[in-house]
Amino acid sequence: MNNKTNVDPQEVAKFEQLAATWWDPEGHSGPLHKMNPVRVSFIERHADGLFGKKAVDVGCGGGLVSEALARCGAKVVGLDMGEEPLEVARLHALESGVEVDYLNSTAEQHADGFAEQYDVVCCLEMLEHVPDPQSVVAACIKMLKPGGHLFLSTINKTPEAYLTTIVGAERIVKALPKGTHDFNKYLRPSQLSHWCEANGAQMKHASGLFYNPLTKTVSLIESMRVNYILHAQKPEHHQ
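The sections below set out a description of the structure shown in this document.

About the thresholds
Residues numbered from 1 in each chain as written. Predicted model: local features only at pLDDT ≥ 70, side-chain atom pairs only at ≥ 80, totals over all residues. Heavy atoms only, no water. Helix = DSSP H or I, 4+ residues; strand = E, 2+ residues; numbered from the N terminus. Contact = heavy atoms within 4.5 Å. Pairing = 2+ DSSP bridges. Axes fitted to C-alpha atoms, helices over the stretch in contact; angles between N-to-C directions. Disulfide = S-S within 2.5 Å. Buried < 20%, exposed > 50% of the residue type's maximum accessible area, 1.4 Å probe, protein only. Core = buried A, V, L, I, M, F, W, Y, C linked by side-chain atoms within 4.5 Å. Phe/Tyr/Trp six-rings, centres within 6.5 Å; stacked < 30°, edge-to-face > 60°. Lys NZ or Arg CZ within 6 Å of the ring centre and 35° of its normal.

A look at the environment of Leu-124
- Locating Leu-124 in the fold gives a position in strand β4 (residues 118-124).
- For Leu-124 and Gly-52, which are 72 residues apart along the polypeptide, the C-alpha to C-alpha distance reads 21 Å.
- Excluding its chain neighbours within four sequence positions, the residues that come into contact with Leu-124 are Arg-39, Ile-43, Val-58, Val-65, Phe-151, Leu-152, Ser-153 and Ile-229.

What follows is the structure in structure tokens.
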């Protein structure tokens, strides 16, 4: 699959429609707002701090993660294929006084021009929305400097994940629009781990993310049966 085509126009359109509510903690992105501090502290801890580091947020959407990384002192680039979310992200960064460089680009396109340029690469809640997630993982690793850190989060391909994200969140609670997720695109941690190792990054840490809909809080847990986040690292020197 070539660089330009690892995009699902329907997925892009879906998030274009959600763009206006991206920064509304009570809107469709509510769970992401709750998840964000937990994900970012996981990233900051395992990347040995973010201050002064170059980071790229792949599939940045409206900029929740990008802004949080910038607030931790990172120099951040946000990539997305949706123009609406990028406009929302740029506007919000202006209002917040946070500096992020937002670009309309795929991971593969960016990796071609910026190989081994980043200390930290994040791709959070995005892999389940592209036709070829393996290609994105390879591009993310290509962007890492030797010794750089990769963070991936997505949804596991389990019955629990189906019940939680599709039956629960979309159909019962209606916290997300119907059709936000496609169970066929969910990914097991073993798949991501395999792709990381195959592209020269070593798995370091893994944790489940648990969203409690009653208390509306998110915590890191051992079980990775629903949402999970992984940390891999590129070796200091090519072997």
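The structure having been displayed, the exposition proceeds.
Notes on the sheet that holds strand β6 (residues 202-212)
- With respect to topology, 8 strands assemble into an open sheet ordered β3-β2-β1-β4-β5-β8-β6-β7, the strand pairing being mixed. Of all strands in the sheet, those bounded by a partner on one side alone are β3 (100-104) and β7 (217-221). On average, each strand axis in the sheet is tilted by 20° relative to the strand beside it, whichever way the strands run.
- Sheet topology places strand β2 (residues 75-80) next to β3; 5 bridges connect them, and they run parallel. For Asp-80, the partnering residue across the bridge sits in β3 and is Asn-104.
- Each of β1 (54-58), β2, β3 and β4 is contacted by helix α3 (residues 64-71), which is oriented at about 150° to β3, the strand it contacts most.
- Lying on the sheet, helix α6 (residues 133-143) is in contact with β1, β2, β4 and β5 (144-155); it crosses β5 at an angle near 150°.

Topic: the state of the cysteines
- Per the stated rule, a full pass over the model turns up 0 disulfides.
- Sulfur of Cys-60: no disulfide; nearest cysteine sulfur belongs to Cys-123 and is 11 Å away.
- A residue is classified by how much of its surface remains accessible, and Cys-60, at 6% relative accessible area, is buried.

Some details on unusual backbone geometry
- Despite not being glycine, Asp-48 has its phi angle at roughly 55°, a positive value.
- Note on placement: Asp-48 falls in the loop between α2 (30-46) and β1.
- The backbone of Glu-125 sits at a positive phi, close to 50°, despite the residue not being glycine.
- Tracing the chain through its elements places Glu-125 in the loop between β4 and α6.
- Residue Glu-125 is classed as buried on the basis of its relative accessible area, which comes to 15%.

Observations concerning the nonpolar core
- In this structure, Val-58, Val-121, Val-136, Met-143, Leu-150 and Leu-192 are the most contacted members of the largest nonpolar core, which totals 29 residues.
- Breaking this core down by element, the ones donating at least two residues are β1, β2, α5 (107-113), β4, α6, β5, α8 (189-198) and β8 (227-233).
- Those residues within four positions of Val-136 in sequence are excluded, and the remaining contacts are Asn-6, Val-58, Ala-107, Glu-108, Cys-123, Met-126, Leu-127 and Val-130.
- In terms of nonpolar packing, the next biggest core, distinct from the first, is built from 28 residues, Ala-55, Val-65, Ala-68 and Val-120 among them.

Examining the packing of aromatic side chains
- Tallied over the entire structure, the rule returns 3 aromatic pairs.
- On the basis of an interplanar angle of 85° and a centroid distance of 5.5 Å, the ring pair of Tyr-162 and Phe-183 is categorised as edge-to-face. Here Tyr-162, found in helix α7 (residues 159-172), pairs with Phe-183, found in the loop between α7 and α8; they are 21 residues apart in sequence, far enough to count as distant.
- On the numbers, 5.5 Å between centres and 65° between planes, the contact of Phe-183 with Tyr-186 is edge-to-face.
- Taken together, the aromatic side chains of Tyr-162, Phe-183 and Tyr-186 make up a single cluster linked through ring pairs.
- When the ring centre of Tyr-118 is taken as reference, the NZ or CZ atom of Lys-54 above it lies at 5.5 Å.

Read these as layout, nothing more, since geometry by itself doesn't imply function.
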